[in-house]
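Observations on chain architecture
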Amino acid sequence: MFVRRAVPKDIPEIARLLYQVNNVHADIRPDLFVHDQRKYTDEELSVIVRDDETPVFVCYEDVSSDVLLGYCFAVFEKKHGHSLKPLKTLYLDDICVDQNSRGMHVGTEIFSYVRDFAIKNGCYDMTLNVWEGNEGAKAFYEALGFKVLKYGMEIVL
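Cut-offs applied
- Residues numbered from 1 in each chain as written.
- Predicted model: local features only at pLDDT ≥ 70, side-chain atom pairs only at ≥ 80, totals over all residues.
- Heavy atoms only, no water.
- Pairing = 2+ DSSP bridges.
- Helix = DSSP H or I, 4+ residues; strand = E, 2+ residues; numbered from the N terminus.
- Axes fitted to C-alpha atoms, helices over the stretch in contact; angles between N-to-C directions.
- Contact = heavy atoms within 4.5 Å.
- Patch = residues over 30% accessible without salt bridge, like charges linked within 9 Å, V, L, I, M, F, W, Y side chains within 5 Å.
- Areas by Shrake-Rupley, 256 points an atom, 1.4 Å probe, with all protein chains shown as cover.
- Salt bridge = Lys/Arg side-chain N within 4 Å of Asp/Glu carboxyl O.
- Buried < 20%, exposed > 50% of the residue type's maximum accessible area, 1.4 Å probe, protein only.
- Parallel < 35°, antiparallel > 145°, perpendicular 65-115°, else oblique.
- Left-handed = near helix turned anticlockwise from the far one by under 90°.
- Nonpolar A, V, L, I, M, F, W, Y, C, P; charged D, E, K, R; others polar.
- Core = buried A, V, L, I, M, F, W, Y, C linked by side-chain atoms within 4.5 Å.
- Disulfide = S-S within 2.5 Å.
- 1 Å grid on protein atoms, 1.4 Å probe; cavity = no way out; pocket = protein on both sides within 12 Å on 5 of 7 lines; lining within 4 Å.
- Points joined across faces, edges and corners; volume = space filled by probe spheres on them.
- Phe/Tyr/Trp six-rings, centres within 6.5 Å; stacked < 30°, edge-to-face > 60°.
- Lys NZ or Arg CZ within 6 Å of the ring centre and 35° of its normal.

Observations concerning the sheet that holds strand 5 (residues 125-128)
- A sheet is described by the order of its strands in space; here five strands give the open sequence 1-2-3-4-5, paired in mixed fashion. The two strands at the open ends of the sheet, each matched to only one other strand, are strand 1 (2-5) and strand 5. Within the sheet, the average angular offset between the axes of one strand and its neighbour, ignoring direction, is 30°.
- Summarising the sheet, strand 1 and strand 2 (residues 56-60) pair through four bridges and their orientation is antiparallel. Counted as the bridge partner of Arg5 is Phe57 from strand 2.
- Here helix 3 (residues 106-120) sits on the sheet and contacts strand 1, strand 2, strand 3 (68-81), strand 4 (84-97) and strand 5; the angle it forms with strand 3, its principal contact strand, is near 35°.

Below, the structure is given as structure tokens:
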């Protein structure tokens, strides 16, 4: 497998997978998500993939393949405050493995590449959020070594 930073020519394939990840969320939380939509427009994706503060990583079967197996959207964050140590975090905003490529270790390949990227860029940690009810994602992240940092809670009114 071949993982690299995304470039503008990857946008159509990223968009295709954005629909898949959105539908997973819509299945879990239909009160919040609309099926068959996506998180970003092509114009927004164009800005995101060019910004070094919001790196996007893509995974293909090999260098010449044009079918995207998975992606990871990331955001550099700097934690600071009177009671916080100044730390640099790589927040994993969105990770998706194509539904036809699950079980092939695509997610692990992407994670390894992104982890190395975070280390090279001086990050203290990597963080992410998982929707309650997405048991497959939770199990995957726990297998990679992620631990609960904090809980987000809600009350629907």
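Examining a nonpolar patch on the surface
- A cluster of nonpolar side chains, contributed by Val148, Tyr151 and Met153, occupies part of the molecular surface with about 450 Å² of accessible area.
- The residue Tyr151 is located in the segment after helix 4 (135-144) in this model.
- For Tyr151, a relative accessible area of 68% puts it in the exposed group.

Concerning the packing of helix 1 (residues 11-28) against helix 2 (residues 42-50)
- At their nearest, the axes of helix 1 and helix 2 sit 10 Å apart, and the two run at 115° to each other. Taken together, the axes of helix 1 and helix 2 lie roughly perpendicular to each other. Crossing hand, helix 1 versus helix 2: right-handed. Contacts between helix 1 and helix 2 pair Ile11, Ile14, Ala15 and Leu18 from the former with Asp42, Leu45, Ser46 and Val49 from the latter.
- Within the contact of helix 1 with helix 2, the residues separate by chemical class into six nonpolar, one polar and one charged.

Here we look at the pattern of salt bridges
- Overall, the coordinates contain 12 salt bridges when judged by the stated rule.
- For the salt bridge of Arg4 with Asp10, the shortest nitrogen-to-oxygen distance reads 2.7 Å.
- Overlapping salt bridges bring together Glu13, Arg16 and Asp98 as one network.

Some thoughts on the nonpolar core
- Among the nonpolar cores identified, the biggest contains 23 residues, and Leu90, Leu92, Val114 and Met126 are the most heavily contacted of them.
- Residue contacts for Leu90: discarding those within four places in its chain leaves Pro55, Ala74, Val75, Phe76, Val114, Phe117, Ala118, Cys123, Asp125, Met126 and Thr127.

As for the state of the cysteines
- One pass over the structure, following the stated rule, counts zero disulfides.
- Summary of cysteine pairing: Cys72 is not part of a disulfide, and the nearest cysteine sulfur, belonging to Cys96, is at 11 Å.

As for empty space enclosed by the protein
- Taken as a whole and assessed by the stated rule, the structure comprises one cavity of 30 Å³ or more.
- Here the largest cavity defines a volume of roughly 60 Å³.
- In this structure, the largest cavity is lined by Cys72, Leu92, Ile95, Gly107, Ile110, Phe111, Val114, Phe140, Tyr141, Leu144 and Phe146.
- Elements that contribute at least two residues to the lining of the largest cavity include exactly strand 4, helix 3 and helix 4.
- Broken down by element, the residue count for the lining of the largest cavity peaks at four residues, all from helix 3.
- Partitioned by chemical class, the residues of the lining of the largest cavity number 10 nonpolar, one polar and no charged.

Comments concerning the packing of aromatic side chains
- Applying the stated criterion to the full structure yields nine aromatic pairs.
- Between Phe57 and Phe117, the ring centres sit 4.9 Å apart and the planes meet at 70°, which makes this aromatic pair edge-to-face. Taken together, the residues span a long stretch of sequence, with Phe57 in strand 2 and Phe117 in helix 3 at a distance of 60 residues. Of the two residues, Phe57 and Phe117, both sit in the buried class.
- Positioned above the aromatic ring of Phe76 is the side chain of Lys88, whose terminal nitrogen or guanidinium carbon lies 4.7 Å from the ring centre.

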